[in-house]
Amino acid sequence: MFSDKNDECCSTHFIDGDGVFNVTGVESFIKEVKLAECGLSYAIVSIMGPQSSGKSTLLNHLFGTNFREMDAYKGRSQTTKGIWMARCVGIEPCTLVMDLEGTDGRERGEDDTTFEKQSALFALAVSDIVLINMWCHDIGREQAANKPLLKTVFQVMMRLFSPRKTTLLFVIRDKTRTPLENLEPVLREDIQKIWDSVPKTQAHEETPLSEFFNVEVVALSSYEEKEEQFTEQVASLRQRFFHSIAPGGLAGDRRGVVPASGFSFSAQHMWEVIKENRDLDLPAHKVMVATVRCDEISNEKYDSFTTNEEWCQLKEAVQSHPVGGFGKKLSSILNTCLSEYDAEATFFDEGVRSSKRKQLEEKLLQLIQPSYQSMLGCIRSDTLQRFKEAFDKELKGGIGFAMAARECTGTFMSQFDEECADAVIDQAKWDSSRVRDKLKRDIDAHIAEARTAKLAEATTLYETKLNDALAGSVEGLLDGADDDTWPAMRKLLQRVTDTALSGFSAALSGFEMDEQTRDSMVLRLKDYARGIVEAKTKEEAGRVLIRMKDRFSMLFSYDSDSMPRIWTGKENIRAITKTARSASLKLLSVMAAIRLEDERDSIENTLTVALGDGKSGASTKKGTESLDPLASSTWNEVSASKTLITPIQCKSLWKQFNTETEYIVTQAIAAQEASKRNNNWLPPPWAVVALLILGFNEFMTLLRNPLYLGVIFFAFLLVKALWVQLDITGEFRNGALPGFLSLATKFIPTVTNLLRRLAEAGQRKTNAAPQHNLTPASKRNDNEGDKMM
């Protein structure tokens, strides 16, 4: 009879006869009819009336349902127990109809009206249109079967604090010949009387019936006697249910509609409240339903977001590196999730929907905030690393430190701001200033660290240059200490310091530091240069005794040509010793104090007076010890900080110096005396006179026989040759005993060598004589040969 583009009619037992809500069946039914997809575009129709009044038959003909109908041949009995629900076939929008158990049934008895009231209240709470099926002949009767029903309906309506605007459609069955125009006023009058007689709350004492109900009346002919006419009238009535919720429709002004996705929960909760006999506040119920359903939708969207593949990839990626377009990608995912929530929760209470949406948004933002912070952390770390690399590169390129720091800081802070802007999530109002401040602190700390390192590097460089330029030169100047040593050292210090400070000041210019700091660093470097000289001087002063002995040995043991002295007896050892000791005393006076300022002092005069001319510095006269100028721990006109060797230390050093150099002088004197003895080979004068007197006879013999003179001359030559070969003078230079021992070992080899050389000389003369004799003969033979030719 009816055609439908969807499935055929389906139905379920909504609430059974014992008042048990069929949760599983209802949920399956709603899924089957796809009610959740309808939003607010659906309508609920219910029908109530006396038992066996043809309610199911009317619904089956009106909506194409398949409710069980009474079998007239079996008598009047209860066919509908509890509440059944079915989907109307072929009606738009989606319309669900509930068939309520009939009232005034003999099965429940006269006094059991509890379920009747509960089901009536339930129908009014959930339905947009309530069909009240009544017999035509009951209209106008005070005790008709429908009067208690209407009273029940209106009484339970008073329990609703803010009721829905429900359409009551009175269906008059088995209409008689009385025109509807005459029946309707009577029915409306009866309804108004019932409404006026029903006790009302103070809030609704003056509330008209029209505020709670739209009352419509329709009449149908008898189904059994005038079936064709009944069918036509039902078809006409059916048309009124098309687009019933549109403005002007049967339920066009309904209020407090529960979205389709929450209908099952709403109906279940209403039934539980009604069964417990509690007052039902429909607006509160609406809020409750919206709260539960919006919570469910929110949880579903939250779970869907947590398993979103793109979100999971973003979450994992930002743990290790920045992700380009992070903010846009995540904002898009969030927007999709929230849009889906809005689409599913759009028909629920606006306040609840907005509140739950805000909660969902907060939960999602709370979920993604760690990833956002990780993203900012990655951006900060990456920016800091790139800053360090760029900054170091700029510094190696020769650019000034301050300029490099300023330019790199500005560039990379701007890059950080851009990347943070790219990571901004539209739905969140998070501030990245704390991360930005941390990056700025990290950059500043790196700059400060690099600045300290660079300044230390520059300082170390010029300190090294100063040390290289001064240490060796100071040592050399002190090695040849004389009157010009300290003036030369002052000039050296000034020249080297000026050169170093010039370069150091140029190096500091790139740091753009304040003048006070720069002057402080320059002064420290200047003090460092002076400290090198002072430290090196103190070091050399600690070795002054060694230097004094070295200088004494150099001047005493070597002549002006730096050749070793040979003590032949002609040298003035006393004068040489005095000169060498004076030079050593000069060295001591030079190294006794630091004289980097051009100030006069009397150290040299004091030392000369006290220690010069071989004095030990100790007074030899009784009572003059108090007048000793070296019996003090300080020098006149010289501060303690500039004193290297105190007067009393000078006295001690000089005494030790004399003691340790005395041996050298003694050795020189002994060598000189030995040399004198070895070189004096002539006999004493008295011995010469004695030889002349005693050897007169031998002298006369030599005059008479000249051959003796030849022999004596030959012997003289032989002895002279042996004297030269044996170097007798040199052998006895180191003493008599060593000389005799050396001559004893060299005498025989020297004589043998001398005789061999004489023999070789005689042999060469013998061989040369025949060659001289052959030469004239050869010449004569040659001349004769020429003549013959």
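Residues numbered from 1 in each chain as written. Predicted model: local features only at pLDDT ≥ 70, side-chain atom pairs only at ≥ 80, totals over all residues. Heavy atoms only, no water.

Draft legend 1. Fine view of the overall build of the chain. Within the chain, the secondary structure is distributed over 24 helices and seven strands. Burial statistics for the chain: of 789 residues in total, 41% are counted as buried. Entry remark: accessible area of the chain is about 43,900 Å², with carbon and sulfur atoms responsible for 52%. (Helix = DSSP H or I, 4+ residues; strand = E, 2+ residues; numbered from the N terminus. Buried < 20%, exposed > 50% of the residue type's maximum accessible area, 1.4 Å probe, protein only. Areas by Shrake-Rupley, 256 points an atom, 1.4 Å probe, with all protein chains shown as cover.)

Draft legend 2. Expanded view of helix 17 (residues 573-590). Its 18 residues give helix 17 an end-to-end C-alpha distance of 26 Å, which sits within 8% of 26 Å, the value for a rise of 1.5 Å per residue. Of all 18 residues in helix 17, 13 are buried; the element is thus mostly enclosed. (Expected span 1.5 Å × (residues − 1).)

Draft legend 3. View of the pattern of salt bridges. Overall, the coordinates contain 38 salt bridges when judged by the stated rule. The salt bridge involving Lys165 is made with Asp253; its shortest N-O contact spans 3.2 Å. Taken together, the residues Lys165 in the loop between helix 4 (146-157) and strand 6 (166-173) and Asp253 in the loop between helix 6 (227-239) and helix 7 (263-275) connect sequence positions 88 residues apart. Lys165 gets classed as buried once you look at its relative accessible area, which sits at 13%. Judged by its relative accessible area of 33%, Asp253 is partly exposed. What you see here is one network of salt bridges that share partners, running through Glu475, Asp479, Lys536, Glu539, Glu540, Arg543 and Arg547. (Salt bridge = Lys/Arg side-chain N within 4 Å of Asp/Glu carboxyl O.)

Draft legend 4. Quick look at the pairing of strand 6. Burial analysis of strand 6 places eight of its eight residues in the buried class, which makes it a mostly covered element. Of the two faces of strand 6, the one holding Thr166, Leu168, Phe170 and Ile172 and the one holding Thr167, Leu169, Val171 and Arg173 are both buried throughout. Sheet analysis places strand 5 (residues 129-135) next to strand 6, joined by seven bridges and oriented parallel. Bridge pairing links Trp135 to Arg173 in strand 6. (Pairing = 2+ DSSP bridges.)

Draft legend 5. Representation of the packing of helix 10 (residues 326-345) against helix 11 (residues 350-396). Where helix 10 contacts helix 11, the two axes come as close as 11 Å, and the packing angle between them is 160°. In terms of orientation, helix 10 lies roughly antiparallel with respect to helix 11. You can see that helix 10 and helix 11 cross each other, and the crossing is right-handed. Together, Phe326, Leu330, Leu334, Cys337, Leu338, Tyr341, Asp342 and Ala345 of helix 10 and Val352, Arg353, Lys356, Arg357, Leu360, Glu361, Leu364, Leu365, Ile368, Ser371, Tyr372 and Met375 of helix 11 make up the contact between the two elements. (Axes fitted to C-alpha atoms, helices over the stretch in contact; angles between N-to-C directions. Parallel < 35°, antiparallel > 145°, perpendicular 65-115°, else oblique. Left-handed = near helix turned anticlockwise from the far one by under 90°. Contact = heavy atoms within 4.5 Å.)

Draft legend 6. Here's a closer look at a nonpolar patch on the surface. Residues Met554, Leu555 and Tyr558 make up a contiguous nonpolar surface patch of about 260 Å² in total accessible area. Positionally, Tyr558 belongs in the loop between helix 16 (544-557) and helix 17. For Tyr558, a relative accessible area of 33% gives the class partly exposed. (Patch = residues over 30% accessible without salt bridge, like charges linked within 9 Å, V, L, I, M, F, W, Y side chains within 5 Å.)

Draft legend 7. Highlighting the packing of helix 12 (residues 401-423) against helix 13 (residues 433-479). Close contact between helix 12 and helix 13 brings their axes to 11 Å; oriented N to C, the two are set at 160°. Between helix 12 and helix 13, the crossing angle belongs to the class labelled roughly antiparallel. Once helix 12 is placed against helix 13, the crossing between them reads as right-handed. Between helix 12 and helix 13, the residues in contact are Phe401, Ala405, Thr409, Met413, Phe416 and Asp417 and Val435, Arg436, Leu439, Lys440, Ile443, Ile447, Ala450, Arg451 and Lys454, respectively. Along the lines of polarity and charge, the residues of the contact of helix 12 with helix 13 split into nine nonpolar, one polar and five charged. (Nonpolar A, V, L, I, M, F, W, Y, C, P; charged D, E, K, R; others polar.)

Draft legend 8. Local environment of the packing of aromatic side chains. Under the definition given, this model contains 19 aromatic pairs. Connected via pairs of aromatic rings, a cluster forms that spans Phe14, Phe21, Tyr42, Phe122, Phe263 and Trp271. Of note, Lys465 hangs over the ring of Tyr462, and the distance from its end group to the ring centre comes to 4.7 Å. (Phe/Tyr/Trp six-rings, centres within 6.5 Å; stacked < 30°, edge-to-face > 60°. Lys NZ or Arg CZ within 6 Å of the ring centre and 35° of its normal.)

Draft legend 9. Structural detail: unusual backbone geometry. For the peptide bond that leads from Glu92 to Pro93, omega is -5°, which places it in the cis range. Among the structural elements, Pro93 can be located in the loop between strand 3 (83-87) and strand 4 (94-100). Of note in this structure, Glu512 is not a glycine but carries a positive phi near 50°. The topology assignment puts Glu512 in the loop between helix 14 (485-509) and helix 15 (515-541). Backbone geometry at Ser562 places phi at a positive 65°, although glycine is not the residue there. Within the element layout of this structure, Ser562 appears in the loop between helix 16 and helix 17. Here Ser562 falls in the exposed class, since its relative accessible area comes to 53%.

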